[in-house]
Amino acid sequence: MILKHMISVYMKLVKASASTFGIFSADFLKTLGIPFYLAFTHFMLALDNIFYPDWKKVEIENPVFIIGHPRSGTTFFHRLMLKTDEFLSFKSWHLQFPSLTARKLFKPMVMNKIANGTHVMFPPETGHHTRLDTVEEEEKL
């Protein structure tokens, strides 16, 4: 019952996106791609249990979560902490591929994009300059 409702809502979203942006727009293609991306990600995460079974044994000691309101200095503090060798964070491309298996699979493509200079996800004029090789907030996690 819930799945039927979810599909119905998604189909309304696809129809609204097509009529608003057109079927050849990037926004419409993103709308179509979201379920495929989610299915791919879940499949890859399942493969992690086969190819990297020890990932569950990794202990994270003293995690730090930086949480705050927008424009309150959390990103500045996050980046300041990363200037030391005591903290670790995710690159933007790691957030796109949370699975270890997917990262192994897509790393050559990502490194090629970085080497060729085609790794900008959002240019500076968007207000949030993002590249595949920079540390980004983990809001997608």
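Further up the page is the structure itself.
Let me sum up the structure you'll find in this document. What you are looking at is a predicted structure, and each value in this text was computed from that prediction instead of being measured.

What follows deals with the packing of aromatic side chains. Evaluated as defined, the whole model comprises 2 aromatic pairs. Between Phe40 and Phe106 the ring centres are 5.8 Å apart and the planes differ by 80 degrees, which places this aromatic pair in the edge-to-face class. Within this pair, whereas Phe40 is found in helix H2 (residues 26-51), its partner Phe106 is found in helix H5 (residues 100-116), the two being separated by 66 residues in sequence. By relative accessible area, which is 26% here, Phe40 ends up partly exposed. Judged by relative accessible area, Phe106 falls into the partly exposed class, the value being 21%. Between the aromatic rings of Phe97 and Phe106, the centroid separation amounts to 4.4 Å while the plane-to-plane angle is 10 degrees, which identifies the pairing as stacked. We classify Phe97 as buried; its relative accessible area is 15%. Ring-pair connections join several aromatic residues into one group, and the members of that group are Phe40, Phe97 and Phe106.

As a further point, take H2. The sharpest bend along H2 measures roughly 40 degrees and falls at Gly33, with the proline Pro35 sitting one to four residues further on. Taken together, the buried positions of H2 are Phe28, Thr31, Thr41, Met44, Leu47 and Asp48. On the buried face of H2, the contacting elements are helix H1 (2-21) and H5.

In this section: unusual backbone geometry. With the exception of glycine, most residues fall at negative phi, and the peptide bonds are largely trans. Positive phi, close to 50 degrees, is recorded for Asn62, a residue that is not glycine. One can find Asn62 in the loop between H2 and helix H3 (74-82).

Okay, the packing of H2 against H5 next. It is the contact of H2 with H5, at a shortest axis distance of 6 Å, that shows an interaxial angle of 105 degrees. Taken together, the axis directions place H2 and H5 in an arrangement best described as roughly perpendicular. Contact residues: Phe40, Met44, Leu47, Asp48 and Phe51 in H2; Leu100, Thr101, Ala102, Leu105 and Phe106 in H5. Of the residues belonging to the contact of H2 with H5, the class tally is 8 nonpolar, 1 polar and 1 charged.

All right, on to the pattern of salt bridges then. Here the structure, examined in full by the defined rule, presents 2 salt bridges. The salt bridge involving Asp54 is made with Lys57; its shortest N-O contact spans 3.3 Å. As a salt-bridge pair, Arg131 and Asp133 come within 2.9 Å of each other at their nearest N and O atoms. A relative accessible area of 26% places Arg131 in the partly exposed class. You can call Asp133 partly exposed: its relative accessible area is 24%.

The rules we used
- Position numbers for residues count from 1 along each chain, tracking the sequence in the order it is written.
- Where local features are concerned, this predicted model is filtered to residues with pLDDT of at least 70; where side-chain atom pairs are given and counted, the filter is 80 or more; whole-chain, interface and lining totals use all residues.
- Values shown for side chains rest on all heavy atoms present in the structure; no hydrogens or waters enter the calculation.
- Classification of ring pairs rests on two measures: the distance between centres of Phe, Tyr or Trp rings, Trp counted by its six-membered ring, which must be within 6.5 Å, and the angle between planes, read as stacked under 30 degrees, edge-to-face over 60 and tilted in between.
- Counting from the N terminus, the helices are the DSSP runs of H or I reaching at least four residues and the strands are the DSSP runs of E reaching at least two.
- Burial status follows relative accessibility: with a 1.4 Å probe on protein chains alone, a residue under 20% of its type maximum counts as buried, one over 50% as exposed, and anything between as partly exposed.
- Two axes enter the bend calculation: one fitted to the seven residues ending at the residue in question, the other to the seven starting there, and the bend is the angle between them.
- When checking whether two residues touch, look at their non-hydrogen atoms; a contact exists if any pair is within 4.5 Å.
- Every axis corresponds to a line fitted to the C-alpha atoms, with the helix fit spanning only the stretch in contact, and the corresponding angles, defined between N-to-C directions, vary from 0 to 180 degrees.
- These descriptions rest on fixed angle ranges, namely under 35 degrees for roughly parallel, over 145 for roughly antiparallel, 65 to 115 for roughly perpendicular, and the rest for oblique.
- When residue character is reported, Ala, Val, Leu, Ile, Met, Phe, Trp, Tyr, Cys and Pro are called nonpolar, Asp, Glu, Lys and Arg charged, and the others, Gly included, polar.
- Each salt bridge in this description consists of a side-chain nitrogen of Lys or Arg and a carboxyl oxygen of Asp or Glu lying within 4 Å of one another.

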